[in-house]
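# Per-entry structural report
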Amino acid sequence: MLENYLPVLLFMSVGLIIGVVMIALGFVLGPQRPDSEKLSAYECGFEAFEDSRMKFDVRYYLVAILFILFDLEIAFLFPWAVVLEKIGIFGWVAMLVFLAILVVGFIYEWKKGALEWE
Amino acid sequence: MLQWLISTYENWQPVSGYLVHIVAITVPLFVCVAYLTYVERKIIGYMQVRMGPTRVGWKGLLQPWADMFKLLFKEIIIPSGANKILFLLAPILALAPALAAWAVIPLNATTVLADLNAGLLYVLAVTSIGVYGVIIAGWSSNSKYALLGAMRSSAQIVAYEIAMGFALVGVLIAAKSMNLGDIIVSQAGQHGFLDWFWLPLLPLFIIYFISGVAETNRAPFDVAEGESEIVAGFHVEYSGMAFAVFFLAEYANMILISALAAIMFLGGWLSPVQGWVSATWLATPYIGWILDDGFHWLLIKIAFFLFWYLWFRATFPRYRYDQIMRLGWKVFIPITIVWIVVVSAMVLAQVGPWWDRPS
């Protein structure tokens, strides 16, 4: 069972190695002639006014939190979907109740304006 | 000593076999990525009544190699304000999952590197790691454009991943398995391409592919790198091979999304005329091989979806960011939830012609 995952582990390592090797090749083959202007952060021709790690909109956090909620729900739905035929009507109704509760929350955040970007 | 060498070789033999298999997937994939960039420029060129690349080699066929060598010999610039380790780690984190997801893609009836029972779950998990590459790149660059691009891009990827996950739940209900090989086999039947899941799951199919376009940050959802607003988005500070790794990851992800769409909704390596051709035709050389199930059908279906990617890019103007979020949250998620309920009811009621067979 677990040995099925060996090729997956190998593939991930190969992917990491390919990335490392490509960047290393770039360093070996490419020139290295840094100067202070070249190394400054991209800005439209003038000095940066402030630090770039600035405040940003709180809605990005909101999206992240909503994502966790819904992704967790998907994680619940996955095993349910596979065995749906075995658990029959009872399992189906149980998941409908679960989905209904979630939809109530979804409507609430919709009405509260959590999904608005203007 | 010799004994020890032989025994280590025998212990490691499966590993070297797997490594050969991995190379046999990765190298053609890289060639595909290289020529996808060429085909993209050619097709978009012709759609805009231009020629596309014509100079390097016959009809510009060597263009991808020229691009590759150019990028190899460019300087990799690490901005002075950047966090060096994270800055170099980000492209690697973007590329590795885009490659590793190929481990579970079944290439034909018997060939798959890792025949995982949780194949689809693995794909969903691994492709989610890619967003770390984006956000780490944006943050570690210490540039406003990069940070803004990374924020936009990750919020968008995360929003569309939900719609995508719901669409996958629909596929799981229909196929009753998370194993990608089993998902393909459950689409086999006697009615040709009408047996595939694209027909009963049509809304999910459309939503899956559009979410896939949004996930890979391709036009018309490419606000992450909207060049008129934030230059190049999260990879604005990257140059040379560090940029090339991001580029490779993006195109490998496009091919991956196309392959998954082909497997889950268009029957993977199944022939579109399954059940319609008689056994005598299938036994004829050449014609029979083409008409029978096989790897070539998977390739054709992947090419079909990739063409859609390019067509979208040539056709649609860029979406505004609030429109993208509205589409993801307020249109796709409600539709997928409704269709999951419909599909699960259809499976339980054994509605034909897809689910009236005993499984």
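Residues numbered from 1 in each chain as written. Chains lettered and ligands numbered in written order. Predicted model: local features only at pLDDT ≥ 70, side-chain atom pairs only at ≥ 80, totals over all residues. Heavy atoms only, no water.

### Some words on the overall build of chain B
Quick note on the threshold: Where helices and strands are cited, they refer to DSSP runs of H or I of at least four residues and of E of at least two residues respectively, numbered from the N terminus. The buried label applies to any residue whose accessible area, calculated with a 1.4 Å probe on protein chains only, is under 20% of its type's maximum; exposed applies above 50%, and partly exposed to all values in between. The contact criterion used throughout is that any non-hydrogen atoms of two residues lie within 4.5 Å. Every accessible area reported is derived by Shrake-Rupley at a probe size of 1.4 Å, with residue values counting cover from the shown protein chains alone. Only four residue types enter the tally: Lys and Arg on the positive side, Asp and Glu on the negative side, with His and both chain ends excluded. All charge positions are set by atom: Lys at NZ, Arg at CZ, Asp at CG, Glu at CD.
Counting its secondary structure elements, chain B contains 13 helices and 0 strands. In sequence order, the secondary structure elements of chain B are arranged as α-α-α-α-α-α-α-α-α-α-α-α-α. Once the C-alpha set of chain B is aligned to its principal axes, its extents read approximately 65 × 65 × 45 Å. In chain B, which comprises 359 residues, the share counted as buried stands at 55%. Long-range pairs, those at least 24 residues apart, make up 78% of the contacts in chain B between residues at least 6 apart in sequence. Entry remark: accessible area of chain B is about 14800 Å², with carbon and sulfur atoms responsible for 70%. Looking at chain B, you have 19 positive and 19 negative side-chain charges, and the mean spots of the two groups are 11 Å apart.

### Observations concerning the interface of chain A and chain B
Heads up, the condition is: Note on definitions: buried area is the accessible-area loss of two parts on being combined, 1.4 Å probe, summed for both. By convention in these notes, a salt bridge is any Lys or Arg side-chain nitrogen within 4 Å of a carboxyl oxygen on Asp or Glu. Polar contacts, as used here, are pairs of N or O atoms within 3.5 Å; protein pairs need one atom able to donate a hydrogen and one able to accept it. Residues neighboring in sequence count only if both atoms are side-chain atoms.
The interface of chain A with chain B comprises 67 residues on the first partner and 83 residues on the second. Both sides of the chain A and chain B interface together cover about 6900 Å² of buried area, and 78% of this is carbon and sulfur. For chain A, the biggest contributors to the area lost against chain B are Phe11, Arg53 and Phe78 of chain A; these three give 12% of the whole. Run the count over chain A and chain B and you get 1 salt bridge. For the salt bridge of Glu85 of chain A with Lys176 of chain B, the shortest nitrogen-to-oxygen distance reads 3.4 Å. In this structure, the connection of chain A to chain B is made through 3 residue pairs in polar contact (both at pLDDT 80 or more). Elements with a contribution of two residues or more to the side of chain A that touches chain B: α1 (6-29), α2 (59-82) and α3 (84-112) of chain A. In terms of residues, the side of chain A that touches chain B owes the most to one element, α1 of chain A, which gives 18 residues.

### What about the environment of His235 of chain B?
All names here are of chain B. Within the secondary structure, His235 sits in the loop between α8 (227-230) and α9 (240-265). Separated by 33 residues in sequence, His235 and Leu202 place their C-alpha atoms 35 Å apart. For His235, the residues in contact, after removing those within four places along its chain, are Glu225, Phe243 and Phe246.

### What to know about the pattern of salt bridges
Residue and element names in this part refer to chain B. Summed over all chains, the structure comprises 6 salt bridges over all chains. A salt bridge links Glu40 to Arg218; the shortest N-O distance between them is 2.3 Å. Placement of the pair is Glu40 in helix α1 (residues 2-47) and Arg218 in the loop between α7 (202-215) and α8, with a sequence separation of 178 residues. Pair check on accessibility: Glu40 and Arg218 agree, each one buried.

### Section: the packing of α7 of chain B against α9 of chain B
Residues and elements named next belong to chain B. Condition: Axis geometry follows a simple rule: fit a line to the C-alpha atoms, using only the stretch in contact for helices, then measure angles between N-to-C directions, giving values from 0 to 180 degrees. Oblique is the label for any angle not covered by the other classes, which are roughly parallel (under 35 degrees), roughly antiparallel (over 145) and roughly perpendicular (65 to 115).
For the pair α7 and α9, interaxial distance at closest approach is 10 Å and the crossing angle is 170 degrees. One way to sum up the angle between α7 and α9 is to call them roughly antiparallel. Packed against α7, whose contacting residues are Leu204, Phe205, Tyr208, Phe209 and Gly212, the element α9 presents Ile257, Leu260, Ala261, Met264 and Phe265 at the interface.

### Some points on α1 of chain A
Residues spaced three or four apart along an α-helix face the same direction, because each turn holds 3.6 residues. The criterion, for reference: How far a helix is expected to stretch is found by multiplying one less than its residue total by 1.5 Å.
For α1 of chain A, built from 24 residues, the straight-helix expectation of 34 Å at 1.5 Å per residue is met to within 8% by its first-to-last C-alpha distance of 34 Å. Of all the residues in α1 of chain A, the buried ones are Pro7, Val8, Leu10, Phe11, Val14, Gly15, Ile18, Gly19, Met22, Ile23 and Gly26 of chain A. Against the buried residues of α1 of chain A lie α1, α2 (63-72), α3 (84-100), α4 (119-140) and α9 of chain B.

### Section: the confidence of the model for chain B
This is how it is decided: Confidence of the predictor at the level of single residues is captured by pLDDT, which takes values from 0 to 100.
Of all residues in chain B, 97% have pLDDT values of 70 or greater, and the mean over the chain is 85. With pTM at 0.90, the complex prediction returns an ipTM value of 0.87.

### Considerations on unusual backbone geometry
Residues and elements named next belong to chain B. Phi is positive for Lys59, close to 55 degrees, though the residue is something other than glycine. The backbone of Asn142 sits at a positive phi, close to 60 degrees, despite the residue not being glycine. Note on placement: Asn142 falls in the loop between α4 and α5 (144-175). Taking relative accessible area as the criterion, Asn142 reaches 17% and is therefore assigned buried.

### Details of the packing of α1 of chain B against α9 of chain B
Residue and element names in this part refer to chain B. What counts is decided by this rule: Each residue gets one of three labels, nonpolar for Ala, Val, Leu, Ile, Met, Phe, Trp, Tyr, Cys and Pro, charged for Asp, Glu, Lys and Arg, and polar for the others, Gly among them.
The interhelical angle for the contact between α1 and α9, taken along N-to-C directions, is 90 degrees, at an axis separation of 10 Å. Here α9 runs roughly perpendicular to α1, going by the angle between their axes. Across the interface between the two elements, Leu29, Phe30, Cys32, Val33, Leu36, Thr37 and Glu40 of α1 pack against Phe247, Leu248, Tyr251, Ala252, Met254 and Ile255 of α9. Residue composition of the contact of α1 with α9, by class: 11 nonpolar, 1 polar and 1 charged.

### Some details on the side chain of Ser153 of chain B
Residues and elements named next belong to chain B. Looking at where Ser153 falls in the secondary structure, it is placed in helix α5. A relative accessible area of 0% means that Ser153 is categorised as buried. Residues contacting Ser153, with those up to four places away along its chain left out, are Val134, Asn217, Ala224 and Phe234.

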